[in-house]
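Structural description and commentary
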Amino acid sequence: MSELQIRNLRPEEISLAIDWAAAEGWNPGLSDAACFAIPDARGFFVGDIGGEPVATVSCVNYDDRFAFLGFYIVRADLRGSGHGLRIWNAAIAHAGGRVIGLDGVVAQQDNYKKSGFRLAYANIRYGGTLAAPPVPPTGVIALDSIPFALVEADDATVFPAARVAFLRAWINRQGHVGRALLRDGRLAAWGVIRPCRTGSKIGPLVADDRAAAETVAQALLSSAGGGEIFLDVPAVNGEAIALAEGLGLKPVFETARMYTGPIPPLRIDRVFGVTSFELG
């Protein structure tokens, strides 16, 4: 068998990692590839043998302090061959001295610990089918109608690094719908819903409290027109879990949010929906 050759995925090739993630049941968004390439175009890797892809991983460097790892997949017939470790090491090397975050499947948590990752909390994916879209609530506006600086400042309370270009693309991507709620001129809640391989997924959903989060969530669900819905919430945010359960959603998947080192204090109590398990 030929030697494993590791190289960067070009931006137009990132769809390979997306397709493999879909095959693993991760249900990516229809436009994820175009958005995911923006923060760090050199952060996606593929391992080839004889020109055939056998492994993928990403490690997106957001700034000089923080990176996020995802898409760690080895072709099923070659798992346990050592190819995964080699491409994993390439991704870790790309991050350099940065703190790295990831959302890993719970079964791999012990393996991630061997690479220096420590559990911060669990994230739980909730899913379910809405028979009919809710009536759109009053007072909610389009997210792209407010100054982007408000969104940028609010996101800084819940994410360890600035991700300005990514957020702009995520909000404005065709098919993505963003909504916001203002209170006394302040941004009280905002979120995005996007079409996925199956149904639609809300993320991020950031809010001062459950009432504000629910208002924006109802507006997002109304725009989706019903059908199957997914929402990823931190298990340590009881109000977010109550929101998901109040929508009639049930737990369908769980990840372990882990980091290799300290991160700035974040308002996880304001996170009612994680943006993405692949990029944080």
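What this report covers is the structure whose coordinates are included nearby.

1. Observations concerning a nonpolar patch on the surface
Taken together, I141, L150 and L182 make up a surface patch of nonpolar side chains, about 190 Å² in accessible area. Mapped onto the fold, L182 is located in strand β8 (residues 177–183). By relative accessible area, L182 is classed as partly exposed at 34%.

2. Considerations on the packing of helix α7 (residues 210–224) against helix α8 (residues 238–246)
Their axes nearest at 10 Å, the elements α7 and α8 cross at an angle of 35°. Crossing handedness for the pair α7 and α8: right-handed. Of α8, the residues touching α7 (which contributes R210, A213 and E214) are E239, A242 and L243.

3. As for the packing of aromatic side chains
Under the criterion given, the structure shown has 14 aromatic pairs. Each ring, one from Y62 and one from F66, has its centre 6.3 Å from the other, and the planes form 20°; the classification is stacked. Neither Y62 nor F66 differs from the other in exposure class; each is buried. Taken together, F36, F44, F71, F166 and W170 form an aromatic cluster joined through their ring pairs.

4. Comments concerning the environment of A132
Relative to the assigned elements, A132 resides in the loop between β6 (118–130) and β7 (140–142). Between the C-alpha atoms of A132 and L221, which are 89 residues apart in sequence, the distance is 9.4 Å.

5. A closer look at the pattern of salt bridges
Scanning all chains against the criterion turns up 17 salt bridges. Between E13 and R7 there is a salt bridge; the shortest N-O distance is 3.0 Å. Between E12 and R10 there is a salt bridge; the shortest N-O distance is 3.1 Å. On the accessibility criterion, R10 (45% relative accessible area) is partly exposed. Residues joined by salt bridges that share partners form a network here, namely R7, R10, E12, E13 and D48.

Procedures and definitions
- Residues numbered from 1 in each chain as written.
- Predicted model: local features only at pLDDT ≥ 70, side-chain atom pairs only at ≥ 80, totals over all residues.
- Heavy atoms only, no water.
- Patch = residues over 30% accessible without salt bridge, like charges linked within 9 Å, V, L, I, M, F, W, Y side chains within 5 Å.
- Areas by Shrake-Rupley, 256 points an atom, 1.4 Å probe, with all protein chains shown as cover.
- Salt bridge = Lys/Arg side-chain N within 4 Å of Asp/Glu carboxyl O.
- Helix = DSSP H or I, 4+ residues; strand = E, 2+ residues; numbered from the N terminus.
- Buried < 20%, exposed > 50% of the residue type's maximum accessible area, 1.4 Å probe, protein only.
- Axes fitted to C-alpha atoms, helices over the stretch in contact; angles between N-to-C directions.
- Left-handed = near helix turned anticlockwise from the far one by under 90°.
- Contact = heavy atoms within 4.5 Å.
- Phe/Tyr/Trp six-rings, centres within 6.5 Å; stacked < 30°, edge-to-face > 60°.

Nothing here speaks to function; it is all geometry.
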